[in-house]
Each structure stands twice: as structure tokens, then as C-alpha cells.
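What follows is each chain in one-letter form.
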Amino acid sequence: MKILFAFENPLPSAEADAEVFTTTARYLTPHLEAAWLHVPMAPDNLPGLTARLGMPLISAFAPLKPAAWRHILCGLTIGLRSAFRAADLVYTRNLWVAWMALRCGQRVVFDHYRPWPDQIPPLQYWLYKLFSHKRFLGSVCHSEYTRQKYIELGVPPEKLRCIHNGFEPQRFAAPVPLAEAKARIGIDPAAKTVIYTGRVNHKKGLELVIEAAKRLPQLTFLFVGSYGEGSVEALAKSVPNVVIVPWQTEATLGNYIHAADVLLIPPSFQPLAKFGSTVLPLKLFFYLGSGRPILAGNTPDVAEVLKHDQNALLVQPDDLEALVAGLSALTGDEALAARLAAGAATDSLGYTWAARAEKIIAQVKDWAADATPRPGLWGAAQSARWRQGSARWLRHFIRTRAPVLPPDA
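Read on for an overview of the structure. (Residues numbered from 1 in each chain as written. Predicted model: local features only at pLDDT ≥ 70, side-chain atom pairs only at ≥ 80, totals over all residues. Heavy atoms only, no water.)

1. Observations concerning the environment of A369
Phase 1: Within the element layout of this structure, A369 appears in helix α17 (residues 353-369).
Phase 2: Remark: the alpha-carbon pair of A369 and A391, spanning 22 residues in sequence, is separated by 40 Å. (Helix = DSSP H or I, 4+ residues; strand = E, 2+ residues; numbered from the N terminus.)

2. Things to note about the sheet that holds strand β3 (residues 57-59)
Phase 1: Strand order in the open sheet formed by 7 strands is β3-β2-β1-β4-β5-β6-β7, with parallel pairing between adjacent strands. Both outer strands of the open sheet, β3 and β7 (160-162), are each paired with one neighbouring strand and no more. Strand-to-strand twist across the sheet, computed as the mean angle between neighbouring axes with direction ignored, equals 20 degrees.
Phase 2: Of the pairings in the sheet, the one linking strand β5 (residues 108-112) to strand β6 (residues 136-141) comprises 5 bridges and is parallel in character. Of the residues in β6, the one forming a bridge with F110 is S139. (Pairing = 2+ DSSP bridges. Axes fitted to C-alpha atoms, helices over the stretch in contact; angles between N-to-C directions.)

3. A few points about the side chain of H164
Phase 1: In this structure, H164 sits in the loop between β7 and α9 (178-184).
Phase 2: Exposure remark for H164: the relative accessible area of 17% places this residue in the buried category. (Buried < 20%, exposed > 50% of the residue type's maximum accessible area, 1.4 Å probe, protein only.)

4. Side note on the side chain of S143
Phase 1: Note on placement: S143 falls in the loop between β6 and α8 (144-153).
Phase 2: Residue classification places S143 among the buried positions, given a relative accessible area of 0%.
Phase 3: In this structure S143 touches C162, H164, V279, L280 and E304, once residues within four positions along its chain are discounted. (Contact = heavy atoms within 4.5 Å.)

Set out below in C-alpha cells:
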């Protein structure tokens, strides 16, 4: 099988979307007869990226800026490339690129985490037609939560497969003892640490964590991933046991992961419901592989992978008392922490990037070999949801100028 991977943002990039897409492509490539990556990039980045990704790179006929024009041209011009005609299918995370590839006669596999039917309701009928197209082989959804949104849209369930993200196990090949890791980052080895890694901003539910820190002065909270002075940083200034740490490279982030008595995914509905920006955060899989205890919220997406009292401690979202009690339990009960950490390490074996690639390539081959027509279902229920959702989206857009409609808007 020959696949043309199409990515619409410049590389290299530290963004999660780039990590997921390029890592997936890199792990799929050994399963393929040929692979190419179509991407907008500066010419001087070509040699290094080609060597790192292990496949030929094709520079898109698109400028790096502005972003809107770059995305448009990535789709408009992809059909001009010889690799497009040589490939058996285009693998992309961009809806516009997928649509243009279909228009140019190619087959498509889509791979994304967002539940677009809920987040931009005016697109629902177009999304239904796109996903139901005979050459649209299928969509790899990063969560069952997202998959169900497309099923509700009327897309044939056979075209939708939930395959969760993964992590690189070699990043934990040489684990650092807890006390040593704390010393490396300048923390007293005797201190009990609660560590969050990722973007430090108002969309992650960190305000709740700051309130918990006020109630738990005996614990040291580290928020790793700050880009500067924001609202969370401002709130944390008056809380002495909250430490704000700048964004870390892959080489240094491991020290913070290994230094955690508790790895924290803020237990809040805000990322999923209020902002619609995060569905099953990528850090969750990295946390699983670390062998450290995890605390998270019992939200629909997170609960697909994290199981309460088996590989993590899940607490009621947006509940300060529940968060304080959970942190107290994990930092005060060594046997509980060790049992959950062991459960996480065991379960992580099924969530490596290599395991994800094997699931994807098997599914793509099944889709490509199945010539059975898969008609969708767009009926009165879908039409009503389309009209109602579009009205909600328009009111939200007029009020906020934000194009993504979160579920609770």
C-alpha cells in the first residue's frame, strides 16, 4: 500500500497535532510499500525533517503565512503532485484537504480528535456528505466520544473506528528514581509533589487546582508548560506552594514526570465542555507509560482509558472537595499510589505509537478491501439537530467571535 500523508501546518512544530500526525505517519511507514508527506515548510528544514520522519517530504505549493491561505492552497494544489496520483490513498487530518482529494479522484482516510459536528454545527450536512462519500474510506477517531458524534450525524458506523493515541516507551527506558528526579528540578526530595504538564492557561481547569493547593499547603504543585504571564500565572503568584515552570523540551520534561508523587490531569469539564479544545489529552498516554500515580476527572473521554482504582484515581469533575480528598489519598497512602502506578504501567503497553500504527494499518486495509456500499442516514432528526445547532453556533459566534461551539454554549 502507498500512502500520501498530508499535513497542513509547518514543520518542525512543538504542537500536539504535529506530534500526533507525524508520529503516526512515521510508525505507519514500515508497514507500507511507499509513503510521502505533503507539508508546507521552509526549504532549509527539508533535509533534517526527511531524515527524522523516514520518508520523502513534498513541499506544498503554499506559503507559511497567513494560516488561512496556507490551508486553502494545501488543499487546492495537492492534486498537482505526482505522489498524489501514485498513492493508493491520502491520509489527512484536514477536512478541506480531504474534500479536495476526493474531488480530484483520490481515496481518503481521515484522522482527528475533534467532534466537528458538535463544534461547528453549520458544517453538519457537508460533513455527512464528506464522510459518506464512496471514496472516503473511513475516519480514525481518537476517542469513542468523538466517534459517537459522527454516528449521531448519520455516518455509517463501519466507516468510524476509535483508535486512541499513544506514547514513546523509549522515553521511559531509563527511569529516574523519585528523589533523584526531584533533586534535578530543584525540589526537596522529601516534598510531596503534584505535577501538571501541558499548556498553562485558563482552558485547562487549573484554577480549581490552585484552590486545592491553598487547602493542601503540605504539597508542592508544579505547573509545567508556561509561555509567560497569563491568568493562571497571576492567580498562582499568591499561593506559595504553586510553582510555575516554563515550557520544557522533550529532553527535560522527563525529569518533571519522574519527580511526581502524583501526575495530574485537572479534574474539570472545562476543556471538553466549556472550551471544546481538548478531548482525551495526549499527556494522558504519556502519564500512563511513566509508572507514576495519576489523578484525573471522571469525564466521558478520560474514562475511556483511565479506570478508577485500577490505573488511576478518578474524582468528580469541578468538585474542590473531591480533588482535595483524592490528592490527600494518593500522597498519604503509599500502597494505593504504588498499586495504581503499577496498573498504569501495565495498561500502557497497549497504548504505544507502534500499537496504534498496527491497529490503523489493519483497519485501513480492511476499509480499502471492502467494496460494500455504506449508505449513511440523514433524516428528520439530523436535519432538526443541524438547524438547532447552527442557530446556537451563530449566537455563540456573534457573542464571542469564537468559531468553535463548546457543548455547554
